[in-house]
Amino acid sequence: MRSHLLNDLTAEQYRRSVTEGVERVAAKLATADRPFTGVTVDALALRIDGIDLDRPLHDTTAVLDELEDVYLRDAVYFHHPRYLAHLNCPVVIPAVLGEAVLSAVNSSLDTWDQSAGGTLIERKLIDWTTARIGFGAAADGVFTSGGTQSNLQALLLAREEAKTENLADLRIFASEVSHFSVRKSAKLLGLDPDAVVSVPVGADKRMQTVALARELERCRNDGLVPMAVVATAGTTDFGSIDPLPEIAGLCEQYGVWMHVDAAYGCGLLASLKHRDRIAGIERADSVTVDYHKSFFQPVSSSAVLVRDASTLCHVTYHADYLNPRRMVTERIPNQVDKSLQTTRRFDALKLWMTLRTMGADGIGELFDEVCELAQEGWKLLVADPRYDVVVEPSLSTLVFRCIPAAVTDPAEIDRANLYARKALFASGDAVVAGTKVGGRHYLKFTLLNPETTAADITAVLDLIAGHAEQYLGESLDRAS
């Protein structure tokens, strides 16, 4: 079995195996005419359940043949222009090359003696990102597995900076459309079930700062401790951006940690046209960015950034076998000193390869394209009597629902939209997401593919309307 270990003796075998795998994937990318095949859970589970993992095939080609049957054929392909569902972006080639390199070398970014140059590359990218945010020389941060972990770490720092022993007194303020990871983080941090105060949003789906000020004042009058305000720069459902300068002013007034969840909106850091939409982000105490959402990076590639590096001490622990205290005085840089993780992939390499190949402007141009496409899509929806659209996009998300002309019952409209989404997914012709607005079912386009066109949007809207009408026709037949 040593023949499968990657080393100097198997380098040629490695080259052949990886090349064969790349060729298979390239062939799928080149020939995929739909984002999904429409395979059912039961059909795919039957194939996978039939595989005996205790009987290996002993041949890479045979394994790839099998993989075609259980994965590649029926994968959901985000690169297809009619994948319009979740916050999944098509990826850029330099980043995929970086993924191949980092997987083979397999550096672990916890300590210097496991990563060497990898540590310095990650630190350089953290400095680059904090500069883009507008933080000063005292800033720092670390790569994470994703926005949920970044938000958790930021709120952990906020909890410790609040310097309150009674956790029951702590309160976090976030808009009613903020990411669910805020509540999950509060639970993991040992806070009370009602620790997260939901702040109303306006018709534009942005946090109402008048309401935030009222809640902060109430918190103080009740003898509670405002631990953090989470402002969102790109909500998952609407792409809305909270009023960052006004929120920053309130945080300064009340002495509250300001965290900006820019997992989605971080693409504006590279934007050539719309950077002003996140003005005020430089006043935050911490920021979450997900490069794997709007920098066109493969999962995972995220980071949490802080304005004051000293606050990262709250996650610093020293182990004699790994990062003993003496290493600090010896100026040996260990990333585990500021991370929730120990073993950690060199995900920073993907962004490094991207910036060194395309440059920040190249990323920004791609993100600007999807933002502008969303504006086109919004105009199409506003002009289409078959649809109701919720809000003009701030980034690249459109939330809408089909309103069939002959139906007035909101519950029946809900069912028609649910059916249309399910039928569209089953057909494989396109993939769209769904959410609720005011308790009603809506559909969602998350536009992160610059190859998607207005014609694609129009075609998918026609498909959705067709499926909704089909459902209503069948419903009438059943009722008669």
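As the structure is a computational prediction, the values presented were derived from the model and not from experiment. (Residues numbered from 1 in each chain as written. Predicted model: local features only at pLDDT ≥ 70, side-chain atom pairs only at ≥ 80, totals over all residues. Heavy atoms only, no water.)

**Re the environment of Arg47**
Cut-off, in case you're wondering: Each helix is a run of H or I in the DSSP string that is no shorter than four residues. Each strand is a run of E no shorter than two, and both are numbered from the N terminus. Throughout, a residue-residue contact means that at least one pair of heavy atoms, one from each residue, lies within 4.5 Å. Identification of polar contacts relies on pairs of N or O atoms within 3.5 Å, with a donor-acceptor requirement for protein atoms, meaning one able to donate a hydrogen and the other able to accept it, and with residues adjacent in sequence counted only if both atoms are side-chain atoms.
On the secondary structure map, Arg47 appears in helix α2 (residues 41-49). C-alpha separation for the pair Arg47 and Val70, spaced 23 residues apart in sequence, amounts to 6.5 Å. When neighbours within four sequence positions are excluded, Arg47 is seen to be in contact with Val39, Asp69, Val70, Arg73 and Asp74. Polar side-chain contacts of Arg47 include one of 2.4 Å to the backbone oxygen of Asp69. Separated by 2.8 Å, the side chains of Arg47 and Asp74 make a polar contact.

**Notes on the nonpolar core**
Formally: Put simply, a nonpolar core is a bunch of buried Ala, Val, Leu, Ile, Met, Phe, Trp, Tyr and Cys residues held in one set by side-chain atoms that sit within 4.5 Å of each other. Exposed residues in this analysis have more than 50% of their type's maximum accessible area, buried residues have under 20%, and partly exposed residues fall in between, with area computed by a 1.4 Å probe over protein chains only.
Grouped together as the largest cluster of nonpolar side chains are 62 residues, with contacts concentrated most on Leu212, Val229, Met258, Val260, Val287 and Phe367. For this core, the element with the most residues is helix α9 (residues 244-254), which contributes 6 residues. Excluding anything up to four places from it in sequence, Val287 contacts Ile133, Phe135, His259, Val260, Ala262, Ile281, Ala303, Val304 and Leu305. Of all hydrophobic cores here, the second largest spans 27 residues; its members include Leu84, Leu398, Phe400 and Ala416.

**Some thoughts on the pairing of strand β2 (residues 140-144)**
Spelled out, the test is: Strands qualify as paired when DSSP identifies two bridges or more between them.
Burial within β2 is extensive, with 5 of its 5 residues counted as buried. Going residue by residue along β2, you find Asp140, Val142 and Thr144 tucked away on one face and Gly141 and Phe143 tucked away on the opposite face as well. Where β2 and strand β8 (residues 302-306) come together, 5 bridges link them in antiparallel fashion. Looking at the pairing, Asp140 lines up with Val306 of β8.

**What to know about the pattern of salt bridges**
As a reminder, the rule being used: Definition used for salt bridges: Asp or Glu carboxyl oxygen within 4 Å of a side-chain nitrogen of Lys or Arg.
Counting across every chain of the model gives 31 salt bridges. Where Lys28 meets Glu68, a salt bridge forms, and the shortest distance between an N and an O atom there is 3.5 Å. Of this pair, Lys28 sits in helix α1 (residues 11-31) while Glu68 sits in helix α3 (residues 60-72); the two residues are 40 residues apart in sequence, bridging distant segments of the chain. For Lys28, a relative accessible area of 17% puts it in the buried group. One salt-bridge network, in which partners are shared between bridges, spans Arg47, Asp69, Arg73 and Asp74.

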